[in-house]
Amino acid sequence: MRNTLLWAILVALAVLAEPGDAGADTLGDAADNAPALPEMNDPLLLRRAPRMDPAPIGVPSSQLPVFLRADALDGALNGEIIAHGNAEVRQRGISIMADQLRYLVPDERCIADGHVVVTRGLDVVTGPNATYNLRDQSGTVAEPNIEIGAGPGRARSARASAAEITFIDQDHQHLDQASYTTCAVGDDAWFLTGTSVELDDAGQIGVARGARIVFEGMPLLYSPYMSFPLNDQRKSGFLAPTIGTTATSGVDIALPYYFNIAPNFDDTATARVMTKRGIQLADEFRYLEPDYRGMFEGELLNHDAFAGGRRYEFSLNHTQELPFGIHLDAKAQEVSDSNYFRDLSTLITATSTNYLQRSLTLSTGVNGWSLMGQTMDYQTVQDPNAPVPDQYRMLPQMVANYSKRWNGLALSMQNEFVDFHQSAGQYTPTYDVNGKRLISYPSVALPLSRDWGYITPKVGLHLTEYLTSPLFPGQQSQRLTRAVPISSVDAGLFFERELNLGGKDLVQTLEPRLYYLSIPYRRQDALPVFNTGVADVNYSQLFSENAYNGPDRINDARQLTVGMQTRLLDPTTGTESMRAVLGQRFYYRAQSVVLPFGAEIPRVDNVSDVIAGLTGRVSTTLRGELSTDFNPGLKRTEKFVLAGHYEPQPGRTLNLGYYIDRDTIGQPDIRQIDISGEWPAGGRWTALGRLDYDTAQSILVDGLLGAEYTAGCWALRVVTYRYAVSSTQTASALFLQLELNGLARLGTNPLEALRMNIPGYRKTNELSQPTTFLP
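These figures come from a predicted structure and were not determined experimentally.

The rules behind each value
Residues numbered from 1 in each chain as written. Predicted model: local features only at pLDDT ≥ 70, side-chain atom pairs only at ≥ 80, totals over all residues. Heavy atoms only, no water. Helix = DSSP H or I, 4+ residues; strand = E, 2+ residues; numbered from the N terminus. Buried < 20%, exposed > 50% of the residue type's maximum accessible area, 1.4 Å probe, protein only. Contact = heavy atoms within 4.5 Å. Areas by Shrake-Rupley, 256 points an atom, 1.4 Å probe, with all protein chains shown as cover. Salt bridge = Lys/Arg side-chain N within 4 Å of Asp/Glu carboxyl O. Phe/Tyr/Trp six-rings, centres within 6.5 Å; stacked < 30°, edge-to-face > 60°. pLDDT = per-residue confidence, 0-100. Pairing = 2+ DSSP bridges. Disulfide = S-S within 2.5 Å. Lys, Arg positive; Asp, Glu negative; His and termini not counted. Patch = residues over 30% accessible without salt bridge, like charges linked within 9 Å, V, L, I, M, F, W, Y side chains within 5 Å. Core = buried A, V, L, I, M, F, W, Y, C linked by side-chain atoms within 4.5 Å. Polar contact = N/O pair within 3.5 Å; in protein donor to acceptor, adjacent residues only side chain to side chain.

## Focus on the overall build of the protein chain
1) Next: For the protein chain, the count of helices and strands is five helices and 44 strands.
2) Next: Residues classed as buried in the protein chain amount to 41% of the 775 residues present.
3) Next: Expressed as a percentage of contacts within the protein chain between residues at least 6 apart in sequence, the contacts between residues at least 24 apart total 48%.
4) Next: Element-wise, carbon and sulfur atoms account for 57% of the exposed surface of the protein chain, whose accessible area totals about 38800 Å².

## Structural notes on the pattern of salt bridges
1) Next: In total, this model carries 37 salt bridges according to the counting rule given.
2) Next: Note that Arg135 and Glu108 form a salt bridge whose closest N and O atoms lie 3.5 Å from each other. One end of the pair, Arg135, is in the loop between strand E6 (123-133) and strand E7 (138-142); the other, Glu108, is in the loop between strand E4 (94-104) and strand E5 (109-120), and 27 residues separate them in sequence.
3) Next: Its relative accessible area of 9% is what places Glu108 among the buried residues.
4) Next: The residue Asp266 makes a salt bridge to Arg286 at a minimum N-O spacing of 2.5 Å. Of this pair, Asp266 sits in strand E18 (residues 265-274) while Arg286 sits in strand E19 (residues 278-288), and the two are 20 residues apart along the sequence.
5) Next: Accessibility expressed as a relative area gives 37% for Arg286, which makes it partly exposed.
6) Next: Each member of the salt-bridge network shares a partner with another, and the members are Glu708, Arg717, Glu739, Arg745, Arg762, Lys763 and Glu766.

## Overview of the packing of aromatic side chains
1) Next: Counted according to the given criterion, the structure contains 21 aromatic pairs.
2) Next: Centroid distance Tyr340 to Phe341: 6.1 Å. Interplanar angle 80°. Geometry classified as edge-to-face.
3) Next: A residue is classified by how much of its surface remains accessible, and Tyr340, at 0% relative accessible area, is buried.
4) Next: Taking the centre distance of 4.9 Å and the plane angle of 55° together, the rings of Trp685 and Tyr709 count as tilted.

## What about the confidence of the model for the protein chain?
Any segment with low pLDDT has predicted coordinates that should not be analysed in fine detail.
1) Next: With 86% of its residues at a pLDDT of at least 70, the protein chain reaches an overall mean of 85.
2) Next: Counted against residues more than four places away or in other chains, residues 1-51, with its pLDDT under 50, gives 90 contacts.

## Observations regarding the pairing of strand E35 (residues 610-617)
1) Next: Summarising the sheet, strand E34 (residues 576-587) and E35 pair through six bridges and their orientation is antiparallel. Looking at the pairing, Met578 lines up with Gly616 of E35.
2) Next: As paired strands, E35 and strand E36 (residues 622-631) are joined by eight bridges and run antiparallel to one another. Looking at the pairing, Ile611 lines up with Asp629 of E36.

## Digging into the environment of Val117
1) Next: Residue position: Val117 is located in strand E5.
2) Next: The exposure class assigned to Val117 is buried, which follows from its relative accessible area of 2%.
3) Next: Note: C-alpha distance between Val117 and Asp99 (18 residues apart in sequence) is 9.8 Å.

## Thoughts on the state of the cysteines
1) Next: Applying the stated criterion to the full structure yields one disulfide.
2) Next: Disulfide pairing places Cys183 opposite Cys713 at an S-S distance of 1.9 Å. Classification of the bridge connecting Cys183 and Cys713 rests on its S-S torsion, roughly 70°, and on that basis the disulfide is right-handed. Of this pair, Cys183 sits in the loop between strand E11 (172-181) and strand E12 (190-200) while Cys713 is found in the loop between strand E41 (699-710) and strand E42 (714-724), placing the two residues 530 residues apart along the sequence. Assigned by exposure class, Cys183 and Cys713 land together as buried.

## Looking at the side chain of Asp629
1) Next: For Asp629, the position within the fold is in strand E36.
2) Next: Buried within the structure, Asp629 lacks any salt-bridge partner; its nearest side chain of opposite charge belongs to Lys639, at an N-O separation of 5.5 Å.

## Examining a nonpolar patch on the surface
1) Next: On the surface, Ile243, Val251, Ile253, Val273, Ile279 and Leu281 cluster together into a nonpolar patch covering about 510 Å² of accessible area.
2) Next: Within the secondary structure, Val273 sits in strand E18.

## Points about unusual backbone geometry
1) Next: In this structure, Pro396 follows Leu395 across a cis peptide bond, with omega equal to 0°.
2) Next: Along the chain, Pro396 falls in strand E25 (residues 393-406).
3) Next: One non-glycine residue, Phe324, lies in positive phi territory at about 65°.
4) Next: Relative to the helices and strands, Phe324 resides in the loop between strand E21 (311-322) and strand E22 (326-335).

## Things to note about the pairing of strand E27 (residues 433-445)
1) Next: The pairing of strand E26 (residues 409-421) with E27 spans eleven bridges and is antiparallel. Residue pairing for E27: Gln414 is matched across the bridge by Tyr441.
2) Next: Of the strand pairs in this sheet, E27 and strand E29 (residues 453-470) are connected by eleven bridges, and their pairing is antiparallel. Residue pairing for E29: Val433 is matched across the bridge by Pro470.

## Some points on the nonpolar core
1) Next: Counting residues in each nonpolar core, the largest one holds 51 residues, and the members touching the most others are Ile96, Leu175, Leu192, Phe228 and Trp714.
2) Next: The element that contributes the greatest number of residues to this core is E4, accounting for five residues.
3) Next: With sequence-adjacent residues up to four places away left out, Ile96 is seen in contact with Ala87, Glu88, Val89, Leu101, Cys110, Ala112, Val116, Val117, Val118 and Tyr132.
4) Next: The next biggest cluster of nonpolar side chains, apart from the first, holds 13 residues, and it includes Ile486, Tyr515, Ile554 and Val581.

## Some words on the environment of Gln565
1) Next: Note on placement: Gln565 falls in strand E33 (residues 557-569).
2) Next: Sequence spacing of Gln565 and Thr509 is 56 residues, and the spatial spacing of their C-alpha atoms is 7.9 Å.
3) Next: Look past the residues within four positions of Gln565 in its chain and what remains in contact with it is Thr509, Leu510, Glu511, Tyr539, Arg579, Ala580 and Val581.

## A closer look at the side chain of Gln672
1) Next: Relative to the assigned elements, Gln672 resides in strand E39 (residues 670-682).
2) Next: We classify Gln672 as buried; its relative accessible area is 16%.
3) Next: For Gln672, the side chain forms a polar contact with the side chain of Asp692, separated by 2.8 Å.
4) Next: Excluding its chain neighbours within four sequence positions, the residues that come into contact with Gln672 are Gly657, Tyr658, Tyr659, Asp692, Tyr693, Asp694 and Val701.

## Observations regarding the environment of Leu743
1) Next: Structurally, Leu743 can be placed in the loop between strand E43 (730-740) and strand E44 (744-747).
2) Next: Along the primary structure Leu743 and Leu192 are separated by 551 residues, whereas in three dimensions their C-alpha atoms are 8.8 Å apart.

What follows is the structure, given as C-alpha cells:
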C-alpha cells in the first residue's frame, strides 16, 4: 500500500511541479494552442494533441515517463489517479484527452469518459469513451471517428468511422461496422464499408470484410474480402478489375491479383474472361537483385472459341552481371499466331509489332578490347495485307573490337563474324542464300587538337569474306571477298563569344567543320545483303564513312562534307539551350555502288540534300524543333519536321508537329499534322486529345478524344481512341475509368493510351494537393 501511495504522490508531484496554473502541461501548452479538430459526427470542436513522436523501439513503457494534467487531480490508495476537467494523460507516442480520466498506475491503464481524443502518432481517434493500456498500446474507443494522417510513408490522409475500434498493439487496429474514405471532411463522395476493417500501420495495408464501395450514394462493388493500401507502396491483394467489350471478344473482364513477394520480387496473376473466346490466364513475374534483373510474362488461352485453336504469348527479359566483368542479356518472345496481338493484346503498342526478338548476348571489355558474342533469332508477325520479309537469324554473331592510343596515334580494329541462317518460305528475303560473313577493319588515326580546333587524318582497310550456302536445290556455294581502303580527314574550328539575351548571360559557339572521305570503287554486286539498308540522312550521318547502315555494302566515295554548328550555352553549367546545324555533302565522282532489287535509286547530282536543323528551349515552358532535308536537284523538301512542346505547368501540355517524308522508296508520301494536349477546360474538367492526320492520303492515322474530371478524392476519365492494328485495319476503343484515390481504379484503363499519345500527360489527381487533416 505504501508503494502504491508513493507512486501516486510522485506522479502528482510531476504534474504539479510545472510553474503556472494548476492545469499547465509539463510538456508545454502546445495542446491548448493546437488547431481544432474538423467537425465529424460530434457537434463539439475537440482540442487536438500535437503530432506524437513514436515511442522508442524496444523501450518498455514502464521506463517512459507518464504526464497527467487536468483542472483537478485526485489520488487513491489503490494507485488510481482521477483527473477531472480538460484531462490528459501523455506518454511518448500517445496522448489521451477527455472530460474525465482514471489512470490505474500499477496496470498502466487509462479509462476515459466524455469527448475522448486519442492521438497515436499521426492518427487521431475521437469518441465518447475509451480504455487504453500504455503497457502494450492496446485499448478500445466506442463509436470512434478516426483521422489517418499523412506523413512519412503515407501519401495521403484518410478518415474512418466505426461502431468500435480496438487497438491490438501499436501498429494494428480492428474496426467493427466501419466506413473508410480518403475524401475530406464533409465530402462523402465515396466510401468503403465493411462489417470489419483491419488497419496494419506496419505493413501499411487495410483489409475489409463484407466490403462495399459506395460512390455518390450508389453501391458500385461488393466483395467478401478486399485489401487496400494505406500508402502508395506495393501490397499483395486483388487489383481493380478491368471491364470492356469488343465485337470479336464479347464482354471482356480481367481480374488481376498482385503478390508482393519481397521488396525485389513481385508477381501479378490475371484471370481474363471473354464471353466469345473463353478464359485466358496470364502471369507477370518481376525480379531485381544487385547482379541481375528481369521480367517473365506469359498468356494462355487454351481454346479460342471464336478463332479456334490454342493461343498464347510469352516473353522474357533478363540481364545479369557475371564474374570477370561479363554482362549477360537474354530476350525471348513468341506468339502462337500472327493475329494474336490484333485479337488479344491489351497493349495498344503491340498491335503494330512485326518482329519478335530472341537473343542471348554475352559482352565484356578488357585491356582495350570490347568483346561480344550473341545468337539472335526472330519470329515474324505478318500482316497479310502488308507482308514483310523474314529476318536472317544470326547463329552466332561474334564481335571483337580494339582501340588504343599509342604515341599520339589512335589505333582501332573492328572484327566481326556472323553466321546468317534463314529457312525457305513464303517471306524469304530477296537474297535466297545463307552464309557466313567475316569482317576485319583495322585503322589508324592521328588526332591533333587544340583549344581552337582539331584535325584528324585517318586511314584504314576494310576486309570482308563471305562463304554462302544455297537455300534451294541447284544453287552453288560461293566464297567471296572484298578489300576496300578507306581514308578520311576530319577538321573543325571552335569560336566563342559572350552575349546577353533577354537579360541572361550566354556563350555562343561557332563550329565550322570539314570532312573529306576517299573510298575507291569495288564491285559488290555478287555480295549478298544480309542486314544492310540505306542509312537515314541527318546532320551526323553527313560525317560518317558509309552511306549504308550495315557492312554488306561500302559506298565508293570522293566527297567533301561542309558543316556549321552553333550553340548557346550557360557559362556556369555548360547547359545547352539551343543548337543550330547546317550541312551539305559535295561529290566528286558518280555513285557506282547501289543496293540491288530497286532498294536504292542511284544518285545523279553532285551534291547531297541540304540538311538544316534548329532545336532548343525558348523558355522554361517552351521547347521546339525545326529540321529540313532539301533536295536542290529536284528543288523540293524531302523531309521536314516542325515540332513544339509547351508546358507552363504540370497538367497543362500542348504538342504540335508537322512532318513531311517524300524520301521512302515504295511508300506513299507522308504529310502529317500531329496535335495533342492536356488542358483545363473549366471547373474540374480537363480536356484530352490527339489528332494525327495525314493530309497526303487524307486519312486519320491516330485519333484520341477524352476528358478527365477531378474532385479531390476521386477522378473520372472518359477516352475514345482510334488506332491502326494493320495496314488496312483500324480499331476503336472506349475507356471509362473511375479512380478512387488511395483505394482502387475501376473500369477500363486509358493511361497507356494517354501517355503514349500525349507527351507530358499527367493524371490530374496526382497534381492536386493531398487531403490533410493534421496541421
